[in-house]
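Topology and contacts: notes
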Amino acid sequence: MATPRSRAAQLFGQRVRQVRIARGVSQEEIANLADMHVTNYGRIERGEANSELHTIIRLATALDTDPAELLAGLYGPHMVPDRERAYSVADFIAAKRSQQAI
């Protein structure tokens, strides 16, 4: 079964592609600089891969950009499909406090 595409992976891939194009280099060149196979790199740009931290760091280094720029704003329940818990720690704390007040 294929992993569902997440909005976060799609946006991350778009950002990686934008930076690569702005740098004027090919997918093959960045894949080589990041020490990864071009097929895997293409999956990232298309938003089909859930990149691990070390892959994100390698890509950012190859693209000569801050990884934070590639990841900015990629949080929240709408970014990841099929999430069981769609609330944050702030929601959890508020619910806990309201139960204690009872």
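For the structure, see preceding data.
Here's what I pulled together on the structure shown here. Along each chain, numbering runs from 1 in the same order as the chain's sequence is written. Predicted model: local features are reported for residues with pLDDT of at least 70 only, side-chain atom pairs are reported and counted for 80 or more only, and whole-chain, interface and lining totals are derived from all residues. Think of the side-chain values as coming from all heavy atoms in the structure, minus any hydrogens and water.

**Considering the environment of Ala 49**
A run of H or I in DSSP becomes a helix once it reaches four residues, and a run of E becomes a strand once it reaches two; helices and strands are each numbered from the N terminus. Mapping Ala 49 onto the fold places it in the loop between helix H3 (38–45) and helix H4 (53–63). Accessibility expressed as a relative area gives 15% for Ala 49, which makes it buried. Residues Ala 49 and Phe 12 lie 37 residues apart in sequence; the distance between their C-alpha atoms is 9.8 Å. We call two residues contacting when some pair of their heavy atoms lies within 4.5 Å. What Ala 49 contacts, discounting residues up to four positions off in sequence, is Ala 9, Arg 43 and Ile 44. Working definition: with a 1.4 Å probe on protein chains only, accessible area under 20% of the residue-type maximum means buried, over 50% means exposed, and in between means partly exposed.

**Some thoughts on the nonpolar core**
Among the buried residues, those of types Ala, Val, Leu, Ile, Met, Phe, Trp, Tyr and Cys that are joined through side-chain atoms within 4.5 Å form a nonpolar core. If you look at the biggest cluster of nonpolar residues, it comprises 20 residues, and the most contacted ones within it are Phe 12, Met 36, Tyr 41 and Leu 59. For Phe 12, the contacting residues outside a window of four places in its chain are Ile 44, Ser 51, Ile 56, Leu 59, Leu 70, Leu 71 and Leu 74.

**A word on helix H1 (residues 7–23)**
The first and last C-alpha atoms of H1 sit 24 Å apart over 17 residues, in line with the 24 Å expected at 1.5 Å per residue. Every buried residue of H1 is listed here: Ala 8, Ala 9, Leu 11, Phe 12, Gly 13, Val 16, Val 19 and Arg 20. Residues of H1 that are buried make contact with helix H2 (27–33), H3, H4 and helix H5 (67–71). Looking one or two residues past H1, Gly 24 carries a phi angle of roughly 75 degrees, positive in sign. Any helix carries an expected span of 1.5 Å times its number of residues minus one.

**Quick look at the side chain of Arg 20**
One can find Arg 20 in helix H1. Beyond its immediate chain neighbours, meaning those up to four positions away, Arg 20 contacts Val 25, Ser 26, Gln 27, Ile 30, Tyr 41, Glu 45 and Leu 63.

**With respect to unusual backbone geometry**
One can expect most non-glycine residues to show negative phi and most peptide bonds to be in trans. Phi is positive for Asp 35, which is not a glycine, with a value near 55 degrees. On the secondary structure map, Asp 35 appears in the loop between H2 and H3.

**A short note on the packing of H1 against H4**
With their axes 10 Å apart at the nearest point, H1 and H4 run at an angle of 20 degrees to one another. By the angle between their axes, H1 is roughly parallel relative to H4. Crossing hand, H1 versus H4: left-handed. Between H1 and H4, the contacting residues are Phe 12, Val 16, Val 19, Arg 20 and Arg 23 on the first element and Ile 56, Leu 59 and Leu 63 on the second. Each residue gets one of three labels, nonpolar for Ala, Val, Leu, Ile, Met, Phe, Trp, Tyr, Cys and Pro, charged for Asp, Glu, Lys and Arg, and polar for the others, Gly among them. Its residues assigned to classes, the contact of H1 with H4 shows six nonpolar, no polar and two charged. Orientation is described by lines fitted to C-alpha atoms, with helices fitted over the stretch in contact, and by angles between N-to-C directions that extend from 0 to 180 degrees. For classification, angles of less than 35 degrees are called roughly parallel, those exceeding 145 degrees roughly antiparallel, those between 65 and 115 degrees roughly perpendicular, and all remaining angles oblique. Should the near helix be turned anticlockwise from the far one by less than a right angle, the crossing is termed left-handed; should it be turned clockwise, right-handed.

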